[in-house]
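# Structural features, examined
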Amino acid sequence: MIAPGSKQAFNEPRGVVRDATVTAAAARYKRFNDNGTGVVQFDPGRFLGAALIGPRQGGDGASTYDDSDIQTPVKRWVGYIYGEYELTDTLKLQTELTYAQRTASNSSYITGPRSTFLVKPDNPYIPADLRTLLAGTQFSLGKDLDVVLTSVNSAEARVFRGLIGLEGKLFGDWTWDAYYQYGNNKRHQDRTNNRVNLPFQYALDAVDEGLVRTGVANGNIVCRELTKAAPDPRAQGCKPMNLFGLNNVSQASLAYVYRPVVEDFKYTQHVLSASANGSVFEGWGAGAITAAAGLDYRAEGGDVTHGNIPDYNDYAFTFGLDYSGDITVLESFGELNVPVFKNAPIGDSFELNGAMRYTRNHARNNDSKEEKTSEAVSWKVSGVYDVTGGFRLRASRSRDIRAAGFRELFLRNVPTESGSTSGLVDNPAIPGSPQTGDDPTPILNGGSFALTPEKADTTTLGAVFSPPFIPGLRMSLDWYQIKIRDAVTTLGGQRIVDFCGQYNLFCDRITYGAAGKTDITFIDARQVNLAKLEVRGFDIEVDYRLALADVKAGWTGSLNFRVLGNHQYDFISQANQAVPEIDYAGQSGPVGDGGDFNPAPPWVWNAFVTYDNAGFNTTLSWRRYSEGIYNVQRIGPEDAGYSPQLTNSITTNRVKGASYFNIAMSYQIPLGGTGDRSIELFGSLDNIFDRTPPVSPGGGGGGGSNYPTNPVYFDTFGSKRRAGIRIRY
């Protein structure tokens, strides 16, 4: 269902009694009044799921998007120094220093009470009319706490990079270069006001102290746990929490229940590199045969810690567990460029290029002490054939290798909360699934040390035409095919359950309870190697440059027209050879299956018109996304075979196209008599017409998304203005 009025189930600022079986039917769907002194009927909206969590349409409560930041505030500082010194006529020393700092923060929603956190019938904050309706039963409370509390996620990153290198001449036209590079990245991140589960339950379980101890109420409301002879030490400092109505909860109880989490990331890298290039043979008249060769060594490692927070696994949100690892890479490469012919009867010229790289990658998990080494050879062969004046053919074929990175290998997370929007799956083994197949279970996400390197075979074929009878015009058409094997990606918990049930795949990642397959107790959804990903499409480019003096004598400056187009007609994903392929081509809605890759709408266009005259430059740009499919695995009224009775039906399966216009201007004022000193004034206006993005919700799990659109393609901010000054001296 795609429709306006998105809200989350039982998410209401005043609080509402959920539709739980433990609660008397008469008390369900009752909402507290503003003062928390009585209840009224609650409108739950439409299409509420059987799990009583996740999205719904309409009804009482706040919008799913009420607390979403349109844009994250970011501040950046960057300093860069470059220097070079000629030690001799054939030897030069160079150095680079870079320091960058970035701070960013965004607000996040407050995690309210879980559906499994029950309010007991003797809670003294319960108003009299609700107590009557409860008839001694307990209830599950839905509550939107964003009106009384704010969670802020802040990050500060500092990056330092230093390089020192030498370059010189060897013999003939051969040159060499070598450098050492050191890099250091430190990031501190913290998020305020995160729910701690057990303290939340203690604070929610309020009682009248006198009634518990003596049987006679004395009006002193406390946490029930503190009335026990030997209370849990974690209950010390507990303040009872009144979540009924607006603004009845005390800051003391919130401070006991909601606490900060932190993450500190430290990463260091050392790089040594050396290479040489030059001519090996003058050839046979088509040009010199040139070669290059080199050796690279890289050692890097990181540590991620979280402040030794007590009971860290009991937090509703965390940045994950501590992890640490090291990666060392040794590479050698060689490249050869061979002009085959020039000014021959069969064409103006033909040139071949070949390159090969050997890579040895060693990784060590400092937590588990596991180690592994992989070796691979990557290569590329390309050719350029100038057939005749203005017409060129080009082609390439390559094998590329990518080993899993630091987070992909070592990231350790806390499993999701069972029964939360991210801790729930539909279990097909439960009778009545999918309508009644909800199975609450913790799901573990994160990296996996078992990942193997990705392998990609890329093929390109293209033609370039520059007609001599239209000076300044250049047109090109390129076809590409990318075949990735063992692509590193993430499969959600639901996909793992589906694959196990339908194809008997990934079943070893699922743990069942004593009841057997009707009770999933744990899912390992850490990253996996996908069987394959294949992408095919066309790139189109038209470029035309016109000197205005050619139009009329005395006119100055030039105009440049450029159009870029992309048509992606295949985006095939397959998790395993036993699983059917899914072609996501043309999908501009969010990808839920993995999410690491983004297919594109059928056509993506970019066009630019630029006027350049001495120091003045202005560019008008246009970006166009064609209408796309929302989800290729669903069927909407626009698709053949649609029926609303189908389990994969949807109210609409199309995402409207969008066009964006931008303009940028700059003017450069020279300083002094040299050309490298100037003051530049610049300004830009993005999304000139303030185009509203098309509806394409999702990507945020059951808890919704930050945007009711796909931010990969569509502008979520609106019209933006920017102006500034640059000084070069």
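Quick summary incoming for the structure in this document.

### Here's the deal with the side chain of asparagine 184
Within the fold, asparagine 184 resides in strand β11 (residues 175-195). At 3.4 Å, the side chain of asparagine 184 and the side chain of threonine 268 are in polar contact. Beyond its immediate chain neighbours, meaning those up to four positions away, asparagine 184 contacts Arg158, Val159, Phe160, Tyr267 and Thr268.

### So, the sheet that holds strand β26 (residues 516-524)
Sheet strands line up and pair through hydrogen bonds in the backbone, either parallel or antiparallel. Taken together, three strands build an open sheet; the order of strands is β22-β26-β25 and the sheet is mixed. Each edge of the open sheet is held by one strand with a lone partner, namely β22 (443-444) and β25 (510-513). With two bridges joining them, β22 and β26 adopt parallel strand pairing. Each bridged residue has a counterpart across the sheet, and for isoleucine 443 the counterpart in β26 is isoleucine 523. Along the sheet, helix α6 (residues 493-503) makes contact with β22, β25 and β26, crossing β26 at roughly 135°.

### Things to note about the pairing of strand β34 (residues 658-670)
Sheet topology places strand β31 (residues 616-625) next to β34; 10 bridges connect them, and they run antiparallel. Its bridge partner lying in β34, serine 621 is registered against asparagine 662. With eight bridges joining them, β34 and strand β35 (residues 678-686) adopt antiparallel strand pairing. For methionine 665, the partnering residue across the bridge sits in β35 and is glycine 683.

### Points about the layout of surface pockets
There is about 410 Å³ of room inside the second largest pocket. If you trace the second largest pocket, you find 27 residues lining it, with Glu331, Arg357, Thr359, Ser378 and Ile401 closest to the centre. Looking at which element gives the most residues to the lining of the second largest pocket, the answer is strand β16 (residues 323-344), with six residues. Residues that form the lining of the second largest pocket fall into these classes: 13 nonpolar, six polar and eight charged.

### Considering the environment of glutamate 300
Along the chain, glutamate 300 turns up in strand β15 (residues 289-305). Glutamate 300 sits 25 residues away from glycine 325 along the chain, and the two C-alpha atoms are 8.7 Å apart. At 2.9 Å, the side chain of glutamate 300 and the side chain of arginine 298 are in polar contact.

### Let's talk about a nonpolar patch on the surface
Together, Ile164, Tyr180, Leu272, Leu295, Tyr297 and Leu330 give the surface a local cluster of nonpolar side chains, amounting to about 530 Å² of exposed area. With respect to the helices, strands and loops of the structure, isoleucine 164 is situated in strand β10 (residues 151-169). The partly exposed category is assigned to isoleucine 164, whose relative accessible area is 47%.

### Focus on the pattern of salt bridges
The final tally for this structure, using the stated rule, is 39 salt bridges. With a closest N to O distance of 3.1 Å, arginine 28 and aspartate 19 form a salt bridge. Close ionic contact of glutamate 96 with arginine 161 constitutes a salt bridge, the shortest N to O distance being 3.0 Å. Remark: arginine 161 occurs in strand β10 and glutamate 96 occurs in strand β7 (residues 91-108); sequence separation between them is 65 residues.

### A closer look at the pairing of strand β6 (residues 74-88)
The pairing of β6 with β7 spans 14 bridges and is antiparallel. Each bridged residue has a counterpart across the sheet, and for glutamate 84 the counterpart in β7 is glutamine 94. In this antiparallel pair of consecutive strands, β6 and β7, the connection spans two residues.

### Describing the packing of aromatic side chains
Each aromatic ring pair is specified by the distance between its two centres and by the angle formed by the two planes. With the rule as written, the count across this model stands at 31 aromatic pairs. Where tyrosine 312 meets tyrosine 315, the ring centres are 6.2 Å apart and the plane angle is 40°; that geometry is what we call tilted. With respect to burial, tyrosine 312 and tyrosine 315 carry one shared label: buried. Ring geometry for tyrosine 544 versus phenylalanine 561: centroids 6.4 Å apart, planes at 20°, classification stacked. Placement of the pair is tyrosine 544 in strand β27 (residues 528-547) and phenylalanine 561 in strand β28 (residues 558-574), with a sequence separation of 17 residues. Three or more aromatic residues link up through ring pairs in this structure, and these residues are Phe265, Tyr267, Tyr323, Phe406, Phe410 and Phe449.

### What about the state of the cysteines?
A covalent bond between the sulfur atoms of two cysteines is referred to as a disulfide. The tally for this structure, following the rule as stated, stands at two disulfides. Two residues, cysteine 223 and cysteine 238, share a disulfide whose sulfurs are 2.1 Å apart. Of note, the bridge from cysteine 223 to cysteine 238 carries an S-S torsion of about -85° and is left-handed in sense. Linking cysteine 223 in strand β13 (residues 221-223) with cysteine 238 in the loop between β13 and α4 (251-257), this pair joins segments that are 15 residues apart in sequence. By relative accessible area, which is 5% here, cysteine 238 ends up buried. There is a disulfide in this structure between cysteine 500 and cysteine 507, and the S-S distance comes to 2.2 Å. Here cysteine 500 and cysteine 507 share a disulfide; its torsion about the S-S bond, 110°, makes the bridge right-handed. Take cysteine 507: its relative accessible area is 23%, and that puts it in the partly exposed class.

Calculation rules
- Here the residue numbers are simple positions, counted from 1 along each chain's written sequence.
- Two thresholds apply to this predicted model, a pLDDT of at least 70 for residue-level local features and 80 or more for giving and counting side-chain atom pairs, whereas whole-chain, interface and lining totals are computed over all residues.
- Only hydrogens and water are removed before side-chain values are computed, so all heavy atoms of the structure are retained for them.
- Helix and strand labels come from DSSP, where a helix needs a run of H or I of at least four residues and a strand needs a run of E of at least two; each type is numbered from the N terminus.
- For the purposes of these results, a polar contact is taken to be a pair of N or O atoms within 3.5 Å, where, inside protein, one atom must be able to donate a hydrogen and its partner to accept one; residues adjacent in sequence count only when each atom of the pair is a side-chain atom.
- Residue contacts are counted whenever heavy atoms from the two residues lie within 4.5 Å of one another.
- Should DSSP find at least two bridges between two strands, the strands are regarded as paired.
- To obtain an axis, a line is fitted to C-alpha atoms, over the contacting stretch when the element is a helix, and the angle between two such axes runs from 0 to 180 degrees between their N-to-C directions.
- Buriedness for pockets is judged along seven lines, at least five of which must meet protein on both sides within 12 Å for an open set on the 1 Å grid over protein atoms alone, while cavities are sets there where a 1.4 Å probe fits but cannot get out, and lining residues have an atom within 4 Å of a point.
- Grid points are joined across faces, edges and corners, and a volume is the space filled by probe spheres set on the points.
- Polar here means any residue outside two lists: the nonpolar Ala, Val, Leu, Ile, Met, Phe, Trp, Tyr, Cys and Pro, and the charged Asp, Glu, Lys and Arg; Gly therefore counts as polar.
- What goes into a patch is any residue over 30% in relative accessible area without a salt bridge, connected to like charges within 9 Å or, for nonpolar side chains (Val, Leu, Ile, Met, Phe, Trp, Tyr), within 5 Å.
- With residues, only the protein chains shown are counted as cover, and all accessible areas are computed by Shrake-Rupley using a 1.4 Å probe.
- Salt bridge, as used here, is a side-chain nitrogen of Lys or Arg placed within 4 Å of a carboxyl oxygen of Asp or Glu.
- Each residue gets one of three labels from its accessible area relative to the maximum for its type: buried under 20%, exposed over 50%, partly exposed in between, using a 1.4 Å probe on protein chains only.
- Stacked, tilted and edge-to-face are the three classes assigned to paired rings of Phe, Tyr and Trp, where Trp is represented by its six-membered ring and a pair needs centres within 6.5 Å; plane angles under 30 degrees give stacked, over 60 edge-to-face, the rest tilted.
- Counting rule for disulfides: a pair of cysteine sulfur atoms within 2.5 Å.

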